Amino acid sequence: DTEVTQTPKHLVMGMTNKKSLKCEQHMGHRAMYWYKQKAKKPPELMFVYSYEKLSINESVPSRFSPECPNSSLLNLHLHALQPEDSALYLCASSHEKLAGVDNEQFFGPGTRLTVL
Amino acid sequence: AQTVTQSQPEMSVQEAETVTLSCTYDTSESNYYLFWYKQPPSRQMILVIRQEAYKQQNATENRFSVNFQKAAKSFSLKISDSQLGDTAMYFCVILNQGGKLIFGQGTELSVKP
């Protein structure tokens, strides 16, 4: 299984809602990532988990709250978002966090988020 | 800081022809990894090809090959026998020692029938 899955595919939420994005992989990877991507732009790194611990937070606003319940799952909890947070949210995983010969990142299909 | 520059925001090519996408980068690390990722309109980001900086030989994957010029910090992607399914955004990416992917701005490739 070389797949990263993400749910839901699409999400529409109001600025007062609380919602969560889910990411799952069963490749035995120990590093997992959240990216935000605007249309026709490269992904921007948000968070990195390594061995279920938060390793990198790219100064992301606290209205985004990541969680790694176990080595296969990664969640992104959303609360009080702004319309400018509307984007494609991509999850990725790799064997390890640090650079290495086999440390390519496998990406999920993303969740298209719209904040009204 | 590391940077990746893709100077061609958009390109087009006729089906069955060959196209080359340009990429230059800057890094002070002695060893690093370079990738080309493809993101079709369906949005799933897929690895196309990888190159380890300490390897002189250019990587190839079927119809995809790279021209890696380490001294010039250049890493171009050649697509031979272009197919309609190659239509996508292509990102040139460097993986730094800290494990972060540094993306270029992307080249949007259209393959025309």
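Quick summary incoming for the structure in this document. Given the structure is predicted, the values throughout are model-derived calculations rather than measurements.

**Considering the overall build of chain B**
Phase 1: Counting its regular elements, chain B contains zero helices and 12 strands.
Phase 2: Helices and strands in chain B line up, N terminus first, as β-β-β-β-β-β-β-β-β-β-β-β.
Phase 3: Taken against the 2.2 N^0.38 rule, which gives 13 Å for 113 residues, the C-alpha radius of gyration of chain B at 13 Å falls within 12% of a compact globule.
Phase 4: Its C-alpha atoms give chain B principal-axis dimensions of roughly 40 × 25 × 20 Å.
Phase 5: Looking at chain B as a whole, 50% of its 113 residues qualify as buried.
Phase 6: At a minimum sequence separation of 6, the contacts of chain B that also span at least 24 residues come to 54%.

**Here we look at the overall build of chain A**
Phase 1: Helices and strands together make up the secondary structure of chain A, namely zero helices and 11 strands.
Phase 2: Beginning at the N terminus, the succession of helices and strands in chain A can be written as β-β-β-β-β-β-β-β-β-β-β.
Phase 3: Projected onto its principal axes, the C-alpha positions of chain A cover 40 × 25 × 20 Å.
Phase 4: In chain A, buried positions account for 50% of the 116 residues.
Phase 5: In chain A, the proportion of contacts linking residues at least 24 apart, taken out of those at least 6 apart, comes to 56%.
Phase 6: In chain A, 13 side chains carry a positive charge and 12 a negative one; their mean positions are 9 Å apart.

**Remarks on the packing of aromatic side chains**
Phase 1: Throughout the structure, instances matching the rule amount to 10 aromatic pairs over all chains.
Phase 2: Relative to Tyr89(A), the ring of Phe64(A) lies with its centre 5.9 Å away and its plane at 35 degrees, an arrangement referred to as tilted. Highlighted residues: Phe64(A) in strand β7 (residues 64–70) and Tyr89(A) in strand β9 (residues 87–94), separated in sequence by 25 residues.
Phase 3: Judged by relative accessible area, Phe64(A) falls into the buried class, the value being 6%.
Phase 4: Note on Tyr89(A): relative accessible area 0%, which makes it buried.
Phase 5: Pairing Phe35(B) with Tyr37(B) gives two aromatic rings, centres 6.0 Å apart and planes at 45 degrees, and the pair type is tilted. For the pair Phe35(B) and Tyr37(B), a shared accessibility class is recorded, and that class is buried.
Phase 6: Among the aromatic residues, ring-to-ring pairing joins Tyr33(A), Tyr35(A), Phe107(A), Phe35(B), Tyr37(B), Phe91(B) and Phe103(B) into one connected group.

**Looking at the interface of chain B and chain A**
Accessible area lost upon the coming together of the parts is a frequently used measure of interface size.
Phase 1: Taken together, the contact between chain B and chain A spans 23 residues of the former and 26 residues of the latter.
Phase 2: In this structure, the connection of chain B to chain A is made through three salt bridges.
Phase 3: In this structure, Glu58(A) and Lys100(B) form a salt bridge, with 3.0 Å as the shortest nitrogen-oxygen distance.
Phase 4: The interface formed by chain B and chain A holds six residue pairs in polar contact (both at pLDDT 80 or more) in total.
Phase 5: Elements supplying a minimum of two residues to the side of chain B that touches chain A: β5 (33–39), β6 (46–52), β10 (88–95) and β11 (101–103) of chain B.
Phase 6: Residue contributions to the side of chain B that touches chain A peak at four residues, all from β5(B).

**Side note on the sheet that holds strand β1 (residues 4–7) of chain A**
Residues and elements named next belong to chain A.
Phase 1: The four strands are arranged β1-β3-β8-β7 in an open sheet whose pairing can be described as antiparallel. Both edges of this open sheet fall to β1 and β7, since each of them pairs with a single strand only. On average, adjacent strands in this sheet sit at an angle of 20 degrees to one another, irrespective of strand direction.
Phase 2: As paired elements, strand β3 (residues 18–25) and strand β8 (residues 73–79) share seven bridges and run antiparallel to each other. Paired with cysteine 23 across the strands is leucine 74, a residue of β8.

**Here we look at the state of the cysteines**
Phase 1: Counting across every chain of the model gives two disulfides over all chains.
Phase 2: A sulfur-sulfur distance of 1.8 Å marks the disulfide that ties Cys23(A) to Cys91(A). Measuring the twist about the S-S bond at about -70 degrees, one finds the Cys23(A)-Cys91(A) disulfide to be left-handed. Here Cys23(A), found in strand β3, pairs with Cys91(A), found in strand β9; they are 68 residues apart in sequence, far enough to count as distant. The pair formed by Cys23(A) and Cys91(A) is uniform in burial state, with each residue classed as buried.
Phase 3: Shown here is the disulfide that connects Cys23(B) with Cys92(B), its sulfur atoms set 2.0 Å apart. Taking the sign of the S-S torsion, -70 degrees for the link of Cys23(B) and Cys92(B), the bridge is left-handed.

What counts, and at which threshold
- Residues numbered from 1 in each chain as written.
- Chains lettered and ligands numbered in written order.
- Predicted model: local features only at pLDDT ≥ 70, side-chain atom pairs only at ≥ 80, totals over all residues.
- Heavy atoms only, no water.
- Helix = DSSP H or I, 4+ residues; strand = E, 2+ residues; numbered from the N terminus.
- Rg over C-alpha atoms; globule rule 2.2 N^0.38 Å.
- Buried < 20%, exposed > 50% of the residue type's maximum accessible area, 1.4 Å probe, protein only.
- Contact = heavy atoms within 4.5 Å.
- Lys, Arg positive; Asp, Glu negative; His and termini not counted.
- Charge placed at Lys NZ, Arg CZ, Asp CG, Glu CD.
- Phe/Tyr/Trp six-rings, centres within 6.5 Å; stacked < 30°, edge-to-face > 60°.
- Salt bridge = Lys/Arg side-chain N within 4 Å of Asp/Glu carboxyl O.
- Polar contact = N/O pair within 3.5 Å; in protein donor to acceptor, adjacent residues only side chain to side chain.
- Pairing = 2+ DSSP bridges.
- Axes fitted to C-alpha atoms, helices over the stretch in contact; angles between N-to-C directions.
- Disulfide = S-S within 2.5 Å.

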